[in-house]
Amino acid sequence: MTTYHSLEIEGLNVFYREAGNPNRPVILLLHGFPSAGHMFRELIPILEKDYYLIAPDYPGFGNSSSPDREDFQYTFDHITEIIESFIDKLGLVKYALYVFDYGAPIGFRIAMHHPERVTAIISQNGNIYREGLGGKWAAREDYWCYPTQEKRESYRTAFAPNTIKSQYIDGTKESQVSPDGYTLDIAYMSRPGNDDKQLDLIFDYQNNVKMYPEFQKYLREYQPPLLAVWGKNDVSFIPADAEAFKKDLPKAEIHLLDTGHFALETHAYEIGELMMNYLERNGIRLVE
């Protein structure tokens, strides 16, 4: 069963979900925007018999501390530092990484810093190639190159309830997505002061794109087992990114699913089965 905990890291409470036996292989589940570890609520029960699962909420997300911007720098480098300290405090020395959306630049930083620890990577709509940036990214790159307060303010629409709901249901069949996930994320994103913290991360995302060549170099050099399970109807991170993994990892396994950005909302069982089969084929299982 899933249990719920917090660790103090640099004066912050980092909330996390835990399930499975600590003696079994570890999977670190890294969530995306605008969500938190609750996005793995249907995947965890599928995997917990065979794996030890840890799903933290980043600072400013979910149930973790959300410090003021004056006291905490909301950048992907800084969030990665917090999650790396979290990993060390838990004593995790080997783990597979499940990376989704914001979890991809965080997870690939972690993998680059400690390649010896990573047993496999599961990328679910977790982009690290320019080929995977959908059409909306052109406007963001214009903002990054020519930032103005007016352009920054325009991204407040990213936290509007209808925008968040659309991220969940776009690209899915009618009536397949439960309202629970997006309703909770709407509540998280509506907390006072959260919008400016998230706007800081939107601006900082440019540094993730600049690091794509470094992430790709890591893949070429270390050749970690990689499974890409992709909602092929995602308009933010399009399927070309999943296919692009083959450039650096010829043995990568790619699966395109008929769903949208939040693929776990409709295909948790399929993704769980794909993960278990893939990890077992790559020797990532408990030897009795």
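Values in this document were obtained by computation on a predicted structure and should not be read as measured data.

Novice: How do you make sense of the sheet that holds strand S7 (residues 226–231) when you look at a structure like this?
Specialist: Within a sheet, adjacent strands bond to each other through the backbone by hydrogen bonds, running parallel or antiparallel. With mixed pairing, 8 strands are arranged side by side in an open sheet as S1-S2-S4-S3-S5-S6-S7-S8. Either end of the sheet is taken by a strand with one partner, and the two such strands are strand S1 (3–9) and strand S8 (253–257). Pairwise comparison of adjacent strand axes, ignoring direction, gives a mean angle of 20° for this sheet. Alignment of strand S3 (residues 26–30) against strand S5 (residues 95–99), held across 4 bridges, turns out to be parallel. By the bridge assignment, leucine 28 is partnered in S5 with leucine 97. Against the sheet, helix H3 (residues 103–113) makes contact with S3, S5, strand S6 (118–123) and S7, and its axis sits at roughly 155° relative to S5, the strand it touches most.

Novice: Can you walk me through the pairing of strand S4 (residues 52–56) in this structure?
Specialist: Within a regular strand, the side chains alternate between the two sheet faces. Most of S4 is tucked away: 5 of the 5 residues are buried. Where burial is concerned, the two faces of S4 agree: the one with Tyr52, Ile54 and Pro56 and the one with Leu53 and Ala55 are both buried. With 4 bridges connecting them, strand S2 (residues 12–19) and S4 associate as antiparallel partners. Along S4, the bridge assignment pairs glutamate 18 with isoleucine 54. Judged from the 3 bridges that link them, S3 and S4 form a sheet pairing that is parallel. When the bridges of S4 are listed, valine 26 appears paired with tyrosine 52.

Criteria and cut-off values
Residues numbered from 1 in each chain as written. Predicted model: local features only at pLDDT ≥ 70, side-chain atom pairs only at ≥ 80, totals over all residues. Heavy atoms only, no water. Pairing = 2+ DSSP bridges. Helix = DSSP H or I, 4+ residues; strand = E, 2+ residues; numbered from the N terminus. Axes fitted to C-alpha atoms, helices over the stretch in contact; angles between N-to-C directions. Contact = heavy atoms within 4.5 Å. Buried < 20%, exposed > 50% of the residue type's maximum accessible area, 1.4 Å probe, protein only.

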